[in-house]
Amino acid sequence: MNIFERLKSGEAVHMRKDKAYQTTALAEMSRCRKLCFTINHSEPDNDLLGSLEQELFSQTMSFSSYFTPPFQVDFGCQMTIGEHVFANHGLTCMGAGGISLEAGVMLGPNVSLLTVNHDFNDLQIICCKPIVIKKGAWLGANVTVLPGITIHEGAIIGSGSVVTHDVAANCVVAGNPAKVIKQIKK
């Protein structure tokens, strides 16, 4: 497995001792930082933003989707973005473990998607778990999603929530930690 597959699999990786992390993974982080800098410092509605976002996400982002700058993404190659996904400004994606945003996902301002955690006994060791946000889910402003979470189809996450467990389809959750408030009738 290459380093990106290893990170997605949840394998513990020592950030300083693992040669593949030191070369390949850090090169991807550098590539993404440079592209985010360019995107975040471009004129609004710049015709080049779409192609820059495509480059950032290694051509896995639908042209019908849009991330509003400024945003930060560290592992664009570990993300997939479906049709008609919208992210408001201030998005932070720590995506080493993989992030999947399915069709119609809406992300409010200052959402954080965090796939990385550290070993409590050695903070140089990271363990990643993917985040999956299913079709039509909506995350309000200032939501934080922790590693390994799946937010199912049509779920709504209230502003300021910290999502520590999977969220069922068509549920509204809110709080820290996020808890079910109600079921949406479809």
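My aim in this report is to walk through the structure given alongside it, one point at a time. Model, not experiment: these values are computed from the prediction.

**Thoughts on the side chain of glutamine 78**
- Note on placement: glutamine 78 falls in the loop between β3 (72–73) and β4 (79–81).
- Other than its neighbours up to four places away in sequence, glutamine 78 contacts Phe4, Leu7, Lys8, Gly95, Ala96, Gly98 and Ile99.

**Considering unusual backbone geometry**
- The amide bond that connects proline 69 to the next residue, proline 70, takes the cis arrangement and shows omega of 0°.
- Mapped onto the elements of the fold, proline 70 is located in the loop between β2 (66–67) and β3.
- The linkage connecting asparagine 176 with the following residue, proline 177, adopts the cis geometry, with an omega of 0°.
- Relative to the assigned elements, proline 177 resides in the loop between β18 (171–175) and β19 (178–183).
- In this model, histidine 84 sits at a positive phi of 55°, which is unusual for a non-glycine residue.

**Focus on helix α2 (residues 19–40)**
- The terminal C-alpha atoms of α2 lie 31 Å apart, and with 22 residues this matches the ideal 32 Å at 1.5 Å per residue to within 8%.
- Along its length, α2 reaches its greatest deviation from straightness, about 25°, at alanine 25.
- Regarding α2, the residues found buried are Tyr21, Ala25, Glu28, Met29, Cys32, Leu35, Cys36, Ile39 and Asn40.
- Tucked inside the fold, the buried residues of α2 contact α1 (3–9), β1 (13–14), α3 (49–56), β3 and β11 (125–128).
- A distance of 3.1 Å separates the backbone nitrogen of alanine 20 from a side-chain oxygen at the start of α2, and that oxygen is part of aspartate 18.

Conventions and cut-offs
- Residues numbered from 1 in each chain as written.
- Predicted model: local features only at pLDDT ≥ 70, side-chain atom pairs only at ≥ 80, totals over all residues.
- Heavy atoms only, no water.
- Helix = DSSP H or I, 4+ residues; strand = E, 2+ residues; numbered from the N terminus.
- Contact = heavy atoms within 4.5 Å.
- Expected span 1.5 Å × (residues − 1).
- Bend = angle between axes of the 7 residues up to and from the residue.
- Buried < 20%, exposed > 50% of the residue type's maximum accessible area, 1.4 Å probe, protein only.
- Polar contact = N/O pair within 3.5 Å; in protein donor to acceptor, adjacent residues only side chain to side chain.

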